[in-house]
Amino acid sequence: MSDLLLLGLIGGLTLLLLLTLLAFAGYSGLLAGVEVSAGSPPIRNVTVAYKFHMGLYGETGRLFTESCSIFPKLRSIAVYYDNPHMVPPDKCRCAVGSILSEGEESPSPELIDLYQKFGFKVFSFPAPSHVVTATFPYTTILSIWLATRRVHPALDTYIKERKLCAYPRLEIYQEDQIHFMCPLARQGDFYVPEVKETEWKWRGLVEAIDTQVDGTGADTMSDTSSVSLEVSPGSRETSAATLSPGASSRGWDDGDTRSEHSYSESGASGSSFEELDLEGEGPLGESRLDPETEPLGTTKWPWEPSAPEKGKE
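As annotated in an unreviewed UniProt entry, the protein chain carries the name Testis expressed 264, ER-phagy receptor and comes from Pan paniscus.

Right, dumping it as structure tokens:
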């Protein structure tokens, strides 16, 4: 009887543990629905303190921790410029930090000095007229893991079906929710200076390669080239041309042979957005997008469902 009692006790504890884990997962958002819509942004124009990161998105956790430790009451924000399923992990770029102020409010000089003391830079993001957006519960650390694996594929599907030009990807951690936002206008204003600097460096590299190849009389657009030139958005200054690694050089993703340039080649354009019915916005004709809604060239985010993540690969 003692052995049966022991086995029963072990079984009961195991069942209780499983139920606890399921309850925790459910509380973290495992069963939460993901609804993607297009409309007004979840935040107004903001001033942020950020650090730029190039590399694995899974390495950005320390930046979140660092920014939160400086002033825990501030909301965290991250801007992801590249799709890790289309761009080599060591070339993926993002900006991570805290929101210092929103709307007409200006951040205090003391707060700016505090963040700058720890190596953060200050930058302002506008409030675009329209965005693709979604929310997910933010109740535990597990919520972040679940959100990145459920929301990003839903965003990709929504954008692909409607042939929208929506990028980059923003995550705003606000109280008990994570807001995901993809601007449909003024995308260039979300590019921090470091992103534009890397694009100009890459452009210089491809020009140097082209010059060298031209000297040998070879075709500069041959299939042996591992880079492709594209024009990046930018409304704060003249649009910069950016070089992105070509898909032909990505042995880690042989299943996808397209380059990042394929976004615009697939037919995404600002005109397709004009046909989109915005939830709660009324006829789109009342609020047309600026010409900058459709910058020349391509975006960093393709249409295929993918799961860019912060913890994340």
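Having seen the model, we can carry on.
Draft legend 1. Focus on the nonpolar core. Counting residues in hydrophobic clusters, the biggest one holds 29 residues, and the most contacted among them are Val 132, Phe 136, Val 151, Leu 155 and Phe 180. Every element with two or more residues in this core is listed here: α2 (61-70), β3 (76-80), β4 (93-102), β6 (131-137), α4 (141-162) and β8 (177-183). At 7 residues, α4 tops the list of elements feeding residues into this core. Judged by nonpolar contacts, the second largest core, of 21 residues, contains Tyr 50, Ile 77, Val 79 and Phe 190.

Draft legend 2. α4, seen in detail. For α4, built from 22 residues, the straight-helix expectation of 32 Å at 1.5 Å per residue is met to within 8% by its first-to-last C-alpha distance of 32 Å. At Ala 147, α4 shows its maximal bend, which comes to roughly 35°. The N-cap of α4, judged by a side-chain oxygen 3.2 Å from the amide nitrogen of Leu 142 a few residues on, is Thr 140. Directly beyond the C-terminal end of α4, a positive phi value near 50° is found at Lys 163.

Draft legend 3. Just the pattern of salt bridges, in detail. In total, this model carries 8 salt bridges according to the counting rule given. With a closest N to O distance of 3.9 Å, Glu 102 and Arg 44 form a salt bridge. Linking Glu 102 in strand β4 with Arg 44 in the loop between β1 (37-39) and β2 (46-54), this pair joins segments that are 58 residues apart in sequence. A salt bridge links Asp 82 to Arg 93; the shortest N-O distance between them is 2.9 Å. Taken as a pair, Asp 82 in the loop between β3 and β4 and Arg 93 in strand β4 lie far apart in primary sequence, 11 residues in all. A residue is classified by how much of its surface remains accessible, and Asp 82, at 1% relative accessible area, is buried. The exposure class assigned to Arg 93 is buried, which follows from its relative accessible area of 0%.

Draft legend 4. Here's a closer look at a nonpolar patch on the surface. Residues Leu 4, Leu 6, Leu 7, Leu 9, Ile 10, Leu 13 and Leu 16 make up a contiguous nonpolar surface patch of about 720 Å² in total accessible area. Relative to the helices and strands, Leu 9 resides in helix α1 (residues 2-28).

Draft legend 5. Summary view of unusual backbone geometry. Geometrically, the link from Tyr 167 to Pro 168 is a cis peptide bond, its omega value of -15° lying close to zero. If you trace the backbone, Pro 168 turns up in the loop between α4 and β7 (169-174). In the Ramachandran plot, Lys 163 falls in the positive-phi region, its phi being about 50° despite a non-glycine side chain. In this fold, Lys 163 is placed in the loop between α4 and β7.

Draft legend 6. Focus on the sheet that holds β2. Sheet architecture is open: 8 strands sit in the order β1-β6-β8-β7-β3-β4-β2-β5, paired in antiparallel fashion. With one partner strand each, in any of the chains shown, β1 and β5 (121-125) form the two edges of the open sheet. When the angles between neighbouring strand axes are averaged without regard to direction, this sheet yields 30°. Bridge count for β1 against β6 is 3 bridges, and the pairing is antiparallel. By the bridge assignment, Gly 39 is partnered in β6 with Val 131. Along the sheet, helix α3 (residues 109-117) contacts β2, β4 and β5; its crossing angle with β4, the most-contacted strand, is approximately 155°.

Draft legend 7. Looking closely at the pairing of β7. Within β7, 5 of the 6 residues are buried, leaving the element largely enclosed by the surrounding structure. Here β3 pairs with β7 via 5 bridges, running antiparallel. Bridge pairing in β7 links Ala 78 to Glu 171. In this structure, β7 lies alongside β8, joined through 5 bridges in antiparallel fashion.

Draft legend 8. Main features of the side chain of Thr 140. With respect to the element layout, Thr 140 can be found in the loop between β6 and α4. Thr 140 sits in the buried class, given a relative accessible area of 13%. Among the polar contacts listed, one links the side chain of Thr 140 to the backbone nitrogen of Leu 142, at a separation of 3.2 Å. Apart from the residues lying within four places of it in its own chain, the contact partners of Thr 140 are Phe 24, Tyr 27 and Ser 28.

Cut-offs and rules
Residues numbered from 1 in each chain as written. Predicted model: local features only at pLDDT ≥ 70, side-chain atom pairs only at ≥ 80, totals over all residues. Heavy atoms only, no water. Core = buried A, V, L, I, M, F, W, Y, C linked by side-chain atoms within 4.5 Å. Buried < 20%, exposed > 50% of the residue type's maximum accessible area, 1.4 Å probe, protein only. Helix = DSSP H or I, 4+ residues; strand = E, 2+ residues; numbered from the N terminus. Expected span 1.5 Å × (residues − 1). Bend = angle between axes of the 7 residues up to and from the residue. Polar contact = N/O pair within 3.5 Å; in protein donor to acceptor, adjacent residues only side chain to side chain. Salt bridge = Lys/Arg side-chain N within 4 Å of Asp/Glu carboxyl O. Patch = residues over 30% accessible without salt bridge, like charges linked within 9 Å, V, L, I, M, F, W, Y side chains within 5 Å. Areas by Shrake-Rupley, 256 points an atom, 1.4 Å probe, with all protein chains shown as cover. Pairing = 2+ DSSP bridges. Axes fitted to C-alpha atoms, helices over the stretch in contact; angles between N-to-C directions. Contact = heavy atoms within 4.5 Å.

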